[in-house]
Amino acid sequence: MTKPLITPATLKGFRDYLPAPAMAREAIMEVARRVYRSYGFSPIDTPALEYTEVLLGKGGEESDKQLFRFTDNGGRDVAMRFDLTVPFARFAAQHLNDIGVPFKRYHLAPVWRGENTQRGRYREFMQCDFDTIGTDSNAADIETLLVIHDLLSAIGFERFRIRINNRLVLNGLLEKLGLGDRASGVLRALDKLHKIGRDGVTAELCEKVQTTTDQAARVLDFAHLTGTPSEILSRLDGMLQGNATGELGVARLRELFSVASHAGIPPERVDLDVSIARGLDYYTGTIYETFLTDDPKIGSICSGGRYDNLAGLFTSQKLPGVGASLGLDRLLAAMESFGMIGQASTPAPVLVVSFDATRVAEYARLGRMLRQAGINTEVFPDSRAVGKQLKYADKKGFRIAVIAGEDEFAAGVWQVKDLKAGTQSRVAEADLPSHLNDILKPA
RNA sequence: GUGACUGUAGCUCAGUUGGUUAGAGCGCCAGAUUGUGGAUCUGGAGGUCGCGGGUUCAAGCCCCGUCAGUCACCCCA
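Being a predicted model, the structure only gives us computed values, none of them experimental. (Residues numbered from 1 in each chain as written. Chains lettered and ligands numbered in written order. Predicted model: local features only at pLDDT ≥ 70, side-chain atom pairs only at ≥ 80, totals over all residues. Heavy atoms only, no water.)

Draft legend 1. Here's a closer look at the overall build of chain A. Secondary structure assignment for chain A yields 17 helices and 16 strands. Taken along its principal axes, the extent of the C-alpha atoms in chain A is 90 × 60 × 45 Å. Total accessible area on chain A is roughly 21,900 Å²; 50% of this is exposed by carbon and sulfur atoms. Placing the 54 positive and 56 negative side-chain charges of chain A at their respective mean positions leaves the two points 3 Å apart. (Helix = DSSP H or I, 4+ residues; strand = E, 2+ residues; numbered from the N terminus. Areas by Shrake-Rupley, 256 points an atom, 1.4 Å probe, with all protein chains shown as cover. Lys, Arg positive; Asp, Glu negative; His and termini not counted. Charge placed at Lys NZ, Arg CZ, Asp CG, Glu CD.)

Structure (structure tokens):
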């Protein structure tokens with residue numbers, strides 16, 4: 001009588017990571033940590049599960065519907081976080097006395113959304129957030145742009161565009177048009193300009209948002225501004241003249257593009273795009289979206305913006321801030337389609353072949369010696385045929401095999417086989433670390 | 001959440017108007033090669049046709065449900 005087998009399966013939108021993609025993911029996380037730390041952001045962590053009331057109502061109705069929500073065994077109404085920003089708001093309010101302001105933190109962690117899946121859209125995915133809270137200064141907005149740029153650049157991307165806008169500009173225009181009360185509907189329609197085009201947006205504005213055709217036309221004229229940031233900004237000066245909100249937005253954008261240029265950000269990587277609005281309701285100032293030139297369909301892979309009052313739900317203390325989030329799993333899906341994920345499934349470049357079963361101690365000792373020299377090394381556990389072990393090394397993506405049998409032990413040397421070059425040489429043990437490093441260095 | 005398409009070996013796929021033991025390439029395992037991977041040759045293993053029902057003498061193929069993936073909408077990383 002055999003036990004019925006359980007079908008091994010993962011839930012819709014939840015995925016396993018095999019070694020090669022898992023290593024790519026960890027590598028990106030290490031880059032993100034390094035870049036964030038280089039700007040002085042500190043790590044924090046928060047629980048995956050929160051009281052539902054903490055998460056509800058902050059990201060709008062849509063995110064409420066997407067919550068993984070249930071009653072725990074103690075009868076509490078709980079939910080899994082759907083982003084890292086709302087838990088951060090709770091965290092900031094709760095620990096304000098300890099953290100002080102301004103406060104800069106980064107947070108790399110999975111989040112969960114019960115929405116329909118697609119390539120690059122999962123129900124569990126990793127976000128890499130960084131935020132600066134407790135300051136209104138435009139310097140923080142500018143720094144956010146620099147971080148996004150340095151991050152993508154450090155991951156290895158060259159062809160990407162950061163699209164920037166400022167909600168103050170949009171709000172100023174809407175005030176002038178008498179649409180201030182319908183801002184979110186207008187912004188939502190406008191955000192689709194790149195997708196559904198001018199006529200589509202006009203239709204949505206007139207039908208869903210109930211604007212007049214004249215209002216819709218003026219919104220679209222505005223949204224269709226193209227050119228360099230400074231060209232667009234001069235046009236905006238005229239369009240928003242006399243509106244304090246709009247003028248402030250333009251001034252902040254002007255400073256941002258100017259500083260970015262002085263800081264050496266390549267101009268082809270930053271766009272001023274007055275049509276982007278972001279869905280999330282809590283952004284109030286600068287807005288960022290990042291698209292890969294070679295895979296725009298996968299969506300924004302790093303987005304964020306400025307908000308006036310992060311923690312208003314939790315404290316009367318006003319906490320303005322600005323930040324952004326890298327969508328790690330979405331980025332990884334894009335990298336996979338570019339063939340940017342390596343095929344190696346081992347983090348060790350060196351395999352010590354177990355040639356002679358009576359020399360287990362020698363192989364183990366060598367492995368330790370190489371590790372102490374900073375070279376990741378695996379010792380094959382079984383004394384199988386050398387050919388088998390080399391085949392294993394080849395398949396797993398080891399760069400070097402170190403081999404020794406009776407002859408080598410007698411001569412006091414090791415055979416070093418470069419699996420990629422196909423070359424082999426006899427090396428005295430004392431010279432081994434430097435010899436191996438010479439082979440590994442270019443990679 | 002709404003709508004559409006797809007699901008056959010580890011992978012990519014073929015499979016006639018429904019018709020007997022479901023095929024190929026690649027990969028995998030073994031051998032040629034008992035001290036050396038990638039190439040070549042020979043042999044071999046591997047399939048509940050996503051899963052569950054239904055129609056039929058007969059279902060990989062038709063119908064319903066379900067799960068998963070993809071695409072669009074919505075939303076967004």
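Draft legend 2. Representation of the packing of aromatic side chains within the structure. Tallying each qualifying case throughout the model produces 14 aromatic pairs. Considering the side-chain rings of Y36 and Y106, the 5.6 Å spacing of their centres and the 45 degrees angle between planes classify their relative orientation as tilted. Of this pair, Y36 sits in helix α1 (residues 19-38) while Y106 sits in strand β5 (residues 103-112), and the two are 70 residues apart along the sequence. Residue classification places Y106 among the buried positions, given a relative accessible area of 3%. Feature note: the residues Y36, F41, Y106 and F130 constitute an aromatic cluster, connected by ring pairs. Cation over ring: K104 sits above F41, and NZ or CZ is 4.7 Å from the ring centre. Above the face of the F409 ring, R359 is positioned so that its terminal group lies 4.1 Å from the ring centre. (Phe/Tyr/Trp six-rings, centres within 6.5 Å; stacked < 30°, edge-to-face > 60°. Buried < 20%, exposed > 50% of the residue type's maximum accessible area, 1.4 Å probe, protein only. Lys NZ or Arg CZ within 6 Å of the ring centre and 35° of its normal.)

Draft legend 3. Seen up close, helix α7 (residues 167-177). Summarising burial for α7: eight of the eleven residues are buried, a large majority. Within the sequence span of α7, burial applies to R167, L168, V169, L170, G172, L173, L174 and L177. Looking at the packing, one finds that the buried side of α7 touches β7 (160-166), α8 (183-190), α10 (213-223), α11 (229-239), α12 (244-262) and β9 (286-292). (Contact = heavy atoms within 4.5 Å.)

Draft legend 4. Molecular detail of the pairing of strand β10 (residues 302-307). The buried fraction of β10 amounts to six of the six residues, a majority that puts the element mostly inside the structure. Residue alternation in β10 divides its side chains into two sets, C302, G304 and R306 and S303, G305 and Y307, and both sets are buried. Both β9 and β10 contribute to a ladder of two bridges, which runs antiparallel. Within the sheet, the bridge partner assigned to Y288 lies in β10 and is G304. As paired strands, β10 and strand β11 (residues 321-327) are joined by six bridges and run antiparallel to one another. Its bridge partner lying in β11, Y307 is registered against G321. (Pairing = 2+ DSSP bridges.)

Draft legend 5. Broad picture of a positive patch on the surface. The grouping of R384, K388, K391 and K395 at the surface amounts to a positive patch. Its location among the elements puts R384 in the loop between β13 (377-379) and α15 (386-396). You can call R384 partly exposed: its relative accessible area is 43%. (Patch = residues over 30% accessible without salt bridge, like charges linked within 9 Å, V, L, I, M, F, W, Y side chains within 5 Å. Salt bridge = Lys/Arg side-chain N within 4 Å of Asp/Glu carboxyl O.)

Draft legend 6. View of the sheet that holds strand β4 (residues 77-80). Pairing in this open sheet of three strands is antiparallel, and the strands run β2-β4-β3 from one edge to the other. Only two strands of the sheet have a single neighbouring strand rather than two, namely β2 (49-51) and β3 (69-71). Strand-to-strand twist of the sheet, defined as the mean angle between neighbouring strand axes without regard to direction, takes the value 35 degrees. Alignment of β3 against β4, held across three bridges, turns out to be antiparallel. By the bridge assignment, T71 is partnered in β4 with D77. (Axes fitted to C-alpha atoms, helices over the stretch in contact; angles between N-to-C directions.)

Draft legend 7. Geometry of the sheet that holds β9. Spatially, the eight strands line up as an open sheet ordered β1-β5-β6-β11-β10-β9-β7-β8, and their pairing is mixed. Because the sheet does not close on itself, it has two edges, and the strands there are β1 (42-43) and β8 (270-272). Sheet strands in contact with helix α4 (residues 85-94) are β5 and β6 (124-133), and its direction is about 45 degrees off that of β6. Its contacts with the sheet place helix α13 (residues 328-337) against β6, β9 and β11, and it is angled at close to 40 degrees to β11.

Draft legend 8. Geometry of unusual backbone geometry. Residue V101 is joined to P102 through a cis peptide bond whose omega torsion reads -5 degrees. Considering the arrangement of structural elements, one finds P102 in the loop between α5 (96-99) and β5. Even without being glycine, Q210 reaches a positive phi, approximately 60 degrees. Examined against the element boundaries, Q210 turns out to sit in the loop between α9 (193-207) and α10. On the basis of relative accessibility, which here comes to 58%, the residue Q210 falls in the exposed class.

Draft legend 9. Representation of the pairing of β9 in the model. Within β9, seven of the seven residues are buried, leaving the element largely enclosed by the surrounding structure. Across seven bridges, the pairing between β7 and β9 is antiparallel. Counted as the bridge partner of R163 is E289 from β9.

Draft legend 10. Structural context of the nonpolar core. Grouped together as the largest cluster of nonpolar side chains are 78 residues, with contacts concentrated most on Y36, I155, I164, L236, L326 and L331. With nine residues, helix α6 (residues 138-155) is the single largest residue contributor to this core. Setting aside anything within four residues of it in sequence, one finds I164 in contact with L145, L253, L256, F257, V270, D271, L272, D273, I276, T286, I287 and Y288. Residues I375, I400, W414 and L436 belong to the second largest nonpolar core, which totals 17 residues. (Core = buried A, V, L, I, M, F, W, Y, C linked by side-chain atoms within 4.5 Å.)

Draft legend 11. Up close: the pattern of salt bridges. In this structure the tally under the stated criterion is 22 salt bridges. The partner of R121 in a salt bridge is E115, with the nearest N and O atoms 2.9 Å apart. Residue classification places R121 among the partly exposed positions, given a relative accessible area of 30%. With a shortest N-O distance of 3.4 Å, D273 and R163 are connected by a salt bridge. Pair noted here: D273 is in the loop between β8 and β9 and R163 is in strand β7, with a separation of 110 residues, a long-range link. R163 carries the same exposure label as D273, and that label is buried. Through salt bridges that share partners, R15, R25 and D329 make up one connected network.

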